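One-letter residues, chain by chain:
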Amino acid sequence: GPGLPSLDRRFIGDVEGSRVLDLGCGMGHGAVALARQGAKVIAVDPDPAQLALARQLAEQHSVKVELHQADLAELAFIRSASIDLVVSVFSLAAVDDLDRVFRQVHRILHPQAPFLLSLPHPFTTLLRASGDGSLRVERPFTSRTPLGEGPTLTYPHQFSDVHTSLTRANFRVDTVLEPETDPRSNWRTPSTGWVPSTLIMRARKEGI
């Protein structure tokens, strides 16, 4: 995925035999990678076209992924405290109300189980390249107006907002990373090398 080490074993460890939810699976790259590592993967996405691509990818790699079309906050079909790990790679960028999603994620995870999420770094939503290649700050940091539309709709989630929402839902954040995009990557943007491209957070479920 774009500049994301989230499926790196350092974050996730050994997933063999684990029940993993890929929340907003998109075309299924993460879900299939987890399934190939031996996880029992449930993958959710609101977009049927993306799910069709994810189904094809799982078939190509001969792995089983349980696919569901659903809003990211509508997880009633998953039993409480039945999931070992939830992964969300960039998909929460399209969600305005993180509290609703985080409450559902908390409900389905085992106590102390991890929730790993990545978002476009809030700094990247502020910058735009000018014709001469220089960068301009186009928006105030406090702006909550979404960018883009349709499939590219992105709500700018500031680190403090995400942290507050996780804490409200009774998660404890234990890791925060702000990796830069590798300058050789295909995911280069004009701000590559100037600001981090990704915000990665890992939180654990507190309480029951």
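Our structure is the block above this text.
On a predicted model such as this, the values are computed, not experimentally measured, just so you know.

**Q** Before we go on, may I ask you to explain the sheet that holds strand 5 (residues 114-120) in this structure?
**A** Either a parallel or an antiparallel arrangement is found when strands of a sheet pair, and the pairing is made through backbone hydrogen bonds. Overall, mixed pairing links the seven strands, which are arranged 3-2-1-4-5-9-8 in an open sheet. Of all the strands in the sheet, the pair left with one neighbour each is strand 3 (65-69) and strand 8 (171-177). Averaged over all pairs of adjacent strands, the angle between their axes in this sheet comes to 20°, without regard to strand direction. Here strand 1 (residues 19-23) pairs with strand 4 (residues 85-89) via three bridges, running parallel. Of the residues in strand 4, the one forming a bridge with Val20 is Leu85.

**Q** How should helix 4 (residues 98-108) be read in this particular structure?
**A** Because the α-helix completes a turn every 3.6 residues, residues three or four places apart line up on one side. Residues of helix 4 that are buried: Leu98, Val101, Phe102, Val105, His106 and Ile108. Packing partners of the buried residues in helix 4 comprise strand 1, strand 4, strand 5, helix 5 (159-168), strand 8 and strand 9 (198-205).

**Q** Explain the pairing of strand 4 here, please?
**A** In terms of residue burial, strand 4 counts as a mostly covered element, since four of its five residues are buried. Read from strand 4 through helix 4 to strand 5, the crossover connection turns out right-handed.

Calculation criteria
- Counting starts from 1 at the beginning of each chain's written sequence and moves along it residue by residue.
- Only residues with pLDDT of 70 or above have their local features reported here, since the model is predicted, and side-chain atom pairs are shown and tallied only from 80 upward, although totals for entire chains, interfaces and linings are computed over all residues.
- As a convention, hydrogens and water are excluded, and side-chain values are obtained from all of the structure's heavy atoms.
- Strands are labelled as partners when DSSP assigns at least two bridges between them.
- Counting from the N terminus, the helices are the DSSP runs of H or I reaching at least four residues and the strands are the DSSP runs of E reaching at least two.
- Under this scheme, a helix contributes an axis fitted over its contacting stretch, all axes are lines through C-alpha atoms, and angles between N-to-C directions fall in the 0 to 180 degree range.
- Burial classes: relative accessible area under 20% of the type maximum marks a residue as buried, over 50% as exposed, and values in between as partly exposed (1.4 Å probe, protein chains only).
- Here a residue-residue contact requires only that any non-hydrogen atoms of the pair lie within 4.5 Å.
- The definition of a right-handed crossover adopted here requires that, viewed with the strands pointing away, the path from the first strand over the helix to the second runs clockwise.

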